[in-house]
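Descriptive analysis of the structure
Listed below, chain by chain, are the residues.
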Amino acid sequence: MILCANPKAQYFSYKEEIDCAINNVLENGRYILGEEVSLFENEFAGYIGAKYGIGVANGTEALRIALIATGIGEGDEVITVSHTAVATVSAIEQTGAVPVFVDIDSKYYTIDPSKILKVVSNRTKAIIPVHLYGQPADMEPILEIAKRYSLKVIEDSAQAHGALYKNRRTGSMGDAGCFSFYPTKNLGAIGDGGMVVTNDEELANKVRLLREYGWKERYVSHYSGWNTRLDEIQAAILRVKLKYLDSDNKKRVRTAKLYNTILCNNGIIIPAQRKDSQHVYHLYVIRTQNRERLIQHLKSNGVQAAVHYPLPVHLQPAYKKFANDYLKATERVANEILSLPIYPELSREEIELVVNTIKEFKA
Ligand SMILES: *Cc1c(COP(=O)(O)O)cnc(C)c1O
C-alpha cells in the first residue's frame, strides 16, 4: 500500500543520525528543557526568520499558549476558518474565547480576506489565518485589517514549515507563529511537539513562563501557567530533521509538479499556488466530483488517499454552536477534496503508479 503520509520512511532516511541524537540525550541525563530544546528553539526560530522560539508540547498548545499570552480569553472573539484541522478551533475554545468562522477562497483553500470585515465586531481580538496544506494564506490584506482594527495575528503554520509568502516564511509575519511537529508534518518529531515563534520579546517571555507553571525562577509562579513543554528527545530528533527540511520540501514540490502535469487534463482540479508564494505541499489536494469512487478505485490498486477534512469544523457536533450562514465555499469544497500520497521519500515509480491509477479511472 502506498500511504498518504509515511513518517516511518522518513525515520529510515535519517536513522543513523536520529538514533545517535536520541542516544546522546539518554546518556546526557538531562531529559527536560536542556540544551537540545534551547538549541532547537534558536535554530528553528532562525530558520523561520523570527527572533524567539519557545518549544511546547504540540501544535494545539502552541496556538492556545500564544492566544493566552496575547491576553485573549473569556468574552473575546477570534476569527479563523472552519476549513482546518479541528485543533485550530479547539485551541481558541480552550482559552474561553469564541471562534468566528470566515469562508475560504475556493481556489487556494485559505481564509478569504474580503470576507473578514463582515464579522469584525468590538469583541474581535485576533485573527488566526491557517496556512493550510502548506499554502500560505494571503497575509497582506489580513495584516492590513489587523492593523486597522488593532487585532492580533496568530499564524497557524502547523502545515507550512518553510513555506514562503513574498519572501517571508509563514509564521514570521504575525504577532506569533505556531507550529506543530506531529510526525506527519513537514518537520515531524517521533511523537508530539510544537513551537511558538515571535519577534516580540515580551510575548516570548510570557509564553516561556506560561509553558512551565508561570515560573520565572523555580517554584515561584508569576503567572497561572501549566506544563506544556517540548521534551529533550523530540528536540534532538527535530534538530536532525531541520537540517533536511529545505531539501525534503523540495522533494514534495517536485512530486506536486509531477502530479500537476499528469493530472491536469483528467477532469480533476489540481492545487493552485498563489503568486509570490512557495507552497510546501504538506498535502497534495485535488478536487473531484467522484470522490468516493475514486478513493475506492485507488484503494483497490494499492493507493491510500485521504480527506482533509471530511466535515468542516462548524458542522461537527461539538462546534455546531459556532456555525454561521456564510461558509458556502467551505461546505462545497469539503465534499470534493482528496489528498493523494505525498512525502519526501515517495519514489518516482510510486508516483507513476498513483497517476496511472487515476488515469485509468472512469469518471
Ligand atoms: C496538526 C495541526 C495542528 C495541531 O497540531 P498538534 O501538534 O497535532 O496539536 C493545528 N493546526 C493545523 C492546521 C494542523 O494541521
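The text that follows walks through the structure, step by step, so that each part is easy to find. The structure presented is a predicted model; accordingly, all values stated were derived computationally and were not measured.

Each value, and the rule that gives it
- Residues numbered from 1 in each chain as written.
- Predicted model: local features only at pLDDT ≥ 70, side-chain atom pairs only at ≥ 80, totals over all residues.
- Heavy atoms only, no water.
- Helix = DSSP H or I, 4+ residues; strand = E, 2+ residues; numbered from the N terminus.
- Rg over C-alpha atoms; globule rule 2.2 N^0.38 Å.
- Buried < 20%, exposed > 50% of the residue type's maximum accessible area, 1.4 Å probe, protein only.
- Phe/Tyr/Trp six-rings, centres within 6.5 Å; stacked < 30°, edge-to-face > 60°.
- Lys NZ or Arg CZ within 6 Å of the ring centre and 35° of its normal.
- Contact = heavy atoms within 4.5 Å.
- Pairing = 2+ DSSP bridges.
- Right-handed = clockwise from strand over helix to strand, strands pointing away.
- Near = heavy atom within 4 Å.
- Polar contact = N/O pair within 3.5 Å; in protein donor to acceptor, adjacent residues only side chain to side chain.
- Nonpolar A, V, L, I, M, F, W, Y, C, P; charged D, E, K, R; others polar.
- Core = buried A, V, L, I, M, F, W, Y, C linked by side-chain atoms within 4.5 Å.

**Observations regarding the overall build of the protein**
From N to C terminus, the protein includes 12 helices and 14 strands. A globule of 363 residues ought to have a C-alpha radius of gyration of about 21 Å, and the protein, at 20 Å, matches this closely. Across its three principal axes, the protein shows a C-alpha extent of roughly 65 × 55 × 35 Å. Residues counted as buried form 55% of the 363 residues belonging to the protein.

**Description of the packing of aromatic side chains**
Overall, the coordinates contain 13 aromatic pairs when judged by the stated rule. On the basis of an interplanar angle of 25° and a centroid distance of 6.5 Å, the ring pair of Phe 44 and Tyr 47 is categorised as stacked. In this pair, Phe 44 and Tyr 47 both sit in helix α3 (residues 35-48), 3 residues apart, roughly one turn of the helix. Site record: aromatic cluster; members linked through ring pairs are Phe 40, Phe 44, Tyr 47, Phe 179 and Phe 181. Sitting over the face of the ring of Trp 226, Arg 64 holds its NZ or CZ atom 4.3 Å from the ring centroid. Its end group placed over the ring of Tyr 108, Arg 274 keeps NZ or CZ at 4.2 Å from the ring centre.

**Concerning helix α5 (residues 86-94)**
Burial in α5 covers these residues: Thr 88, Val 89, Ser 90, Ala 91 and Ile 92. Those residues of α5 that are buried are in contact with α4 (59-69), β2 (77-81), β3 (98-102) and β5 (152-156).

**Brief notes about the pairing of β5**
Burial of β5 is extensive: 4 of the 5 residues sit out of reach of the surface. Sheet topology places strand β4 (residues 124-127) next to β5; 2 bridges connect them, and they run parallel. What sits directly across from Ile 127, in β5, is Val 153. Taking the sense of rotation as the criterion, the β-α-β connection linking β4, helix α6 (residues 139-148) and β5 turns out right-handed. Note: β5 against strand β8 (residues 176-180), 3 bridges, orientation parallel.

**Thoughts on the environment of Asp 192**
Along the chain, Asp 192 turns up in the loop between β8 and β9 (194-198). Residue Asp 192 is classed as partly exposed on the basis of its relative accessible area of 46%. Sequence separation of Asp 192 and Ser 180 is 12 residues, and the distance between their C-alpha atoms is 7.9 Å. Ignoring any residue separated from it by four or fewer positions in sequence, one finds Asp 192 in contact with Ala 57, Asn 58, Tyr 182, Leu 230 and Gln 234.

**Notes on the site of the ligand**
Around the ligand, 13 residues are found, and the nearest of them are Gly 59, Thr 60, Gln 159, Ser 180 and Lys 185. For the ligand, an oxygen atom lies 3.5 Å from a polar atom in the side chain of Asn 58. Looking at the shell around the ligand, the elements with two or more residues in it are α4 and α5. Split into classes, the residues belonging to the shell around the ligand amount to 4 nonpolar, 7 polar and 2 charged.

**Re the nonpolar core**
For soluble globular proteins, nonpolar side chains are generally found buried alongside one another. Residues Tyr 259, Tyr 284, Leu 338 and Leu 340 are the most contacted members of the largest nonpolar core, which totals 52 residues. With residues near it in sequence (within four places) discarded, Tyr 259 still touches Tyr 284, Leu 340, Pro 341, Leu 346, Ile 351, Val 354 and Val 355. Among the nonpolar cores identified, the runner-up in size contains 24 residues, and Ile 54, Val 78, Ala 176 and Trp 226 belong to it.

**Regarding helix α7 (residues 201-210)**
Side chains three or four residues apart in an α-helix point the same way, a direct result of the helix having 3.6 residues per turn. Turning to α7, its buried residues are Leu 203, Ala 204, Val 207, Leu 209 and Leu 210. Of the surrounding elements, those touching the buried residues of α7 are β1 (52-56), α4, β8, β9 and β10 (215-217). Between a side-chain oxygen at the N-terminus of α7 and the backbone nitrogen of Glu 202 the separation is 3.0 Å; the capping residue is Asp 200.

**Points about the sheet that holds strand β7 (residues 168-169)**
If you walk across this open sheet you meet the 3 strands as β7-β6-β12, and the pairing is antiparallel. Sheet topology places β7 and β12 (277-278) at the edges, where each strand pairs with a single neighbour.

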